Each structure stands twice: as structure tokens, then as C-alpha cells.
Amino acid sequence: MPYISLNPATNKMLKTYTSWDSHRLAAALEEADNAQQTWRRKTFAERAERMHRAALLLHERANEYASLMAAEMGKPLREGRAEVEKCALTCDYYAVHAEHFMQTELVQTDASKSYVCYDPIGIVLGVMPWNFPFFQVIRFSAPTLMAGNGCVLKHASNVPQCALALERLFHDAEFPPHLFATLMIEAADVAEAIASHHVHAVTLTGSEATGRDIASHAGQHLKKCVLELGGSDAFVILKDADMELAASFAVRSRFQNCGQSCIAAKRFIPVAEIADEFVSLFTKKAMDLKMGDPKSEATQLGPMARLNLRENLHQQVTDSIAQGAQPILGCEPRPGEGAFYPPSVLDRVTAKTRAYHEELFGPVAAIIRAANEEEALHIANDTRFGLGSSIWTGDTENGEKLARQIQAGCCFINGMVRSDPRLPFGGTKASGFGRELSYHGIREFVNIKTVWVR
Ligand code: NDP
């Protein structure tokens, strides 16, 4: 199967690339490994110089990269530019802070001197998705490279132009040749890459099924893995919430990137007293979103990234309606060309429906009405996933208490779940394990070494 770059707004083929055979893969892994042997000996200042340069190039190329994303996966231009700016911020963040995060720690023991130091681990394979084709890659590669490691990327097969642009970015920022390499391999060849002695760890952002596959290969070869999988984040609205604020952020969180984000709010859980008010405000705001050509500046909602993703989503919607959910907005694909699906709301979602249990990876909100705060908390945790969550309330002290009872990698109070390089990011349960970003992220792929001196 070649790599196919296809515009999801028009279904027109843009470019195809032949995927690599085993020999080409083996050669690229060896080259990356060789490049890392030198890179690991560079000072943090030398690494940071290049990482700052990458940030600068990201700023300069924001429009170009946003256009690529719009063309290959349908992201509206303004969201694309914001994604590229966030990449630049993350590169600068690790360029500035990596040395501190990796500092040797003296520990008092019976030795004359003992300490913990953080050594590079080698080559990290990143298997990445198409939904944030730039940021997902930078999120793993900026800390990984600053730690002294090398990166090889297996990007999603529908965003090959983005994948190659990323390789060029690191090349143009004067990182050593081959230290960051885009592998044009198929999903089926990932196991071979994991097995290679040139690869020392693997990180995946993607679906649960892929997570299980990658974790089992990593386990077989005793290589560390970090998994950032799907989510079905709860958005709990309590009776004392600022309803206008909650509804505005609910719309942003659910429909940004056409709903294709692991940390999008997916299950909206209003308590009985304010449920009607919330649902009506939310639906009105969702209705106002402008769907259309991702290359138009006015567009807020582009097409979904692929037709098969839209088909899966619509099947989940129709099954949920048959199981008792009420469609109150959208819930039918837009006819004509492109993988467009309008902003949609399913009300009265219950535990009998697919929308309650499964991740809806597209522009469809599931409203699950709760009798009270206690039930809202129960519903929030009644999921296989555990990535993000948010609570909307006028009583932040109570919000914090509830946050501690939520089974998820993060809980935001009166704020939309989003990643921030300063804070760790990752999930629990079927959302995966390990953390990205902050000092936790950079320390995932290092050898935490003890040195003891008599
Ligand atoms: P996948 O998990 O299939 O794809 C993510 C990455 O994994 C791609 O690079 C893909 O390559 C690769 N991959 C796929 N299967 C394997 C495998 N068996 N072994 C190794 N690598 C593999 O996601 P999809 O694109 O199919 O999206 C499906 C669902 O996944 C979404 O509906 C959503 O629920 C979830 N998802 C979650 C994301 C998140 O941010 N957490 C991001 C994207 C998807 P290739 O493209 O060549 O198949």
C-alpha cells in the first residue's frame, strides 16, 4: 500500500508515495542510531541552539504548514496556525528547561557520594496519528531530542506530506543528518521497527487497538512504551456553574478539530436543575458553527479526516439513536463531496447506547443527564477511558474535591482540557499509560542511572 495524500474536503488525490521495504527501513534505523551516538555527547546548549532554531522555523512556516494540514486532513487554517505556534512554544520550552529537568540529583546514602543521573536511552520510535499531525510529533520529539535521543517517526499514512515536512524542519534547523527520520513504512512494518536493535523505546498516540498491538510487540522485545490512546472525556456541569461560560467552552472543546481530538469533551453531564438550560445554550452555539472549506479563513469546522472515519462515526450515531438517544442537532452526514459531518448533538444518552460507552471521534456531542452531583460523578467514571475531564462549578473548592475522585489523567475546573508543555499529559485505564510533556515527559525515555562511590 502506498502512502496516499488525499484531500478530505474534495476526495481528490494529492500525491502518493511508495512505502519502504525492509532494507530501506533497516538502513534508516542504523543511520539514526549512528547519528545519536554523536548527538548524545553534545551539550544541552548545543542541543538547545538547534531546538530554538526549529521553533523559529515553525513560526516562519506557520502558514505553509497550516495549508498542508488543511489539504491532507481538513484542519481549518486558523486552527492549523495555532497548532504550529504551539509546536514552536514546546520546542522553546524544552530548549530552555531540558538541562534542569535532566540535572544529576545527589542523594545522601552510606556512600561517600551517590547520585542519580539521566542518560539518553537511544532511538525512540514515534507512531503518530493524523489529527494533530504537527503537534503530536513535536510533543514527543522535542523532549526526546533534548534528552540526547534520536527519533524515528512512523506517521499516519494519510498525512505523508506533513511527515516529510517535519523531517525537513529538523534538517533545516541543523540537527545532525538522520537523527530525526521519517520512516515511510506501513503499519504492518511497525513490529519490525520495534524489534530492531537500533530502536530502544516506542511511543504511540492512536487508537486503543493499535495500543494493544504496539504494547505487545514492545513487551515481547522488552522495550519501554508510552501509550496515549483514546478518551471519552466527561464535561460535568453542576447547578452553580456559569452556564454561558460552560456552554461556550463545551462547544469549543467538542467541535475543535472537527471533534477529532483525544482530549475533546465527549460526554456532557449536566445535573437535572440546569440540564435544559445547558442543552439549549450548547445546541444554539453549536448550530452557529461555520462548516466548509478548511482553506477558507471563515471556516470553523472542516471535513473529517477520512471518509471511513465519518462512516464509523455515523454508524455509532445511528446505533445510539436506535438504542434510545435523541438526535437534536445534525446527526446526518452532509451529502456531496468531502467527508463533512455537521455539528451534532445526541440528547438523552443512556448506558444502553454506544455513545455512552464508546469514543465518538468526530463532531457529535453526547448529553448524559444526571439526577445530581453524585450521579454525575458516577457517570463521569463509568467509562473504560481515563484521559481528561472537566468540572464546571461556582464552587471551586468543591470542584477540587470532585477532581480528586475522577479517574482520569487530568481534571480541569472551569477550564477546557488542553495540553500545556509545563504540565504532564496522559491517561489511565484504556486511555493508556506514561506521560508526555513537563519533566515527567522527558524522563520517560532516559536511563535513570544510579552512581555510587565508596
Ligand atoms: P490508528 O491507531 O489506526 O492510527 C494511529 C497510528 O498508528 C498511525 O500512524 C497508524 O498507521 C498506526 N497504526 C495503525 N495500526 C497499527 C498497528 N497495528 N501497529 C502499529 N501501528 C499501527 O488510528 P486511526 O487513524 O485508524 O483512527 C481510528 C481511531 O483511533 C479514531 O477514531 C480514534 O478513536 C482513535 N485515535 C485517537 C487518537 C488520539 O489522539 N489519541 C488519534 C487518532 C486516532 P496507518 O495510518 O498507516 O494505519
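Residues numbered from 1 in each chain as written. Predicted model: local features only at pLDDT ≥ 70, side-chain atom pairs only at ≥ 80, totals over all residues. Heavy atoms only, no water.

Within an unreviewed UniProt entry, the label attached to the protein reads Succinate-semialdehyde dehydrogenase / glutarate-semialdehyde dehydrogenase, and the organism entered is Nitrosovibrio tenuis. Under the Sequence similarities (unreviewed entry) heading, UniProt states for the protein: "Belongs to the aldehyde dehydrogenase family." (UniProt positions renumbered as here; feature names shortened; annotations may be inferred.)

From N to C terminus, the protein includes 15 helices and 20 strands. Taking all 454 residues of the protein together, the buried fraction comes to 57%. The contacts in the protein between residues at least 6 apart in sequence include a share of 71% that link residues at least 24 apart. Accessible surface, the protein as shown: approximately 18600 Å² in total, 52% of it carbon and sulfur. Of the side-chain charges in the protein, 47 are positive and 53 negative, and the distance between the mean point of each set is 1 Å. (Helix = DSSP H or I, 4+ residues; strand = E, 2+ residues; numbered from the N terminus. Buried < 20%, exposed > 50% of the residue type's maximum accessible area, 1.4 Å probe, protein only. Contact = heavy atoms within 4.5 Å. Areas by Shrake-Rupley, 256 points an atom, 1.4 Å probe, with all protein chains shown as cover. Lys, Arg positive; Asp, Glu negative; His and termini not counted. Charge placed at Lys NZ, Arg CZ, Asp CG, Glu CD.)

Attention now moves to the domain arrangement of the protein. One widely used convention gives an interface's size as the accessible area the parts lose upon coming together. By the assigned domains, the protein splits into domain 1 (3-229 + 429-453) and domain 2 (234-413). One C-alpha centre belongs to domain 1, the other to domain 2; they are set 30 Å apart. Counting residues at the interface gives 29 residues for domain 1, matched by 32 residues for domain 2. Taken over both partners, the interface formed by domain 1 and domain 2 buries close to 2500 Å², and the fraction arising from carbon and sulfur atoms is 49%. Remark: the boundary between domain 1 and domain 2 carries 2 salt bridges. Between Glu297 and Arg81 there is a salt bridge whose closest N-O contact spans 2.9 Å. At the surface where domain 1 touches domain 2, the tally comes to 15 residue pairs in polar contact (both at pLDDT 80 or more). Contributions of two or more residues to the side of domain 1 that touches domain 2 are made by helix H3 (62-73), helix H4 (77-101) and helix H8 (208-220). Sorting elements by how many residues they give to the side of domain 1 that touches domain 2 places H3 first, with 5 residues. Residues belonging to the side of domain 1 that touches domain 2 are distributed by class as follows: 11 nonpolar, 7 polar and 11 charged. (Domains from an automatic or database assignment. Buried area = accessible area lost by both parts, 1.4 Å probe. Salt bridge = Lys/Arg side-chain N within 4 Å of Asp/Glu carboxyl O. Polar contact = N/O pair within 3.5 Å; in protein donor to acceptor, adjacent residues only side chain to side chain. Nonpolar A, V, L, I, M, F, W, Y, C, P; charged D, E, K, R; others polar.)

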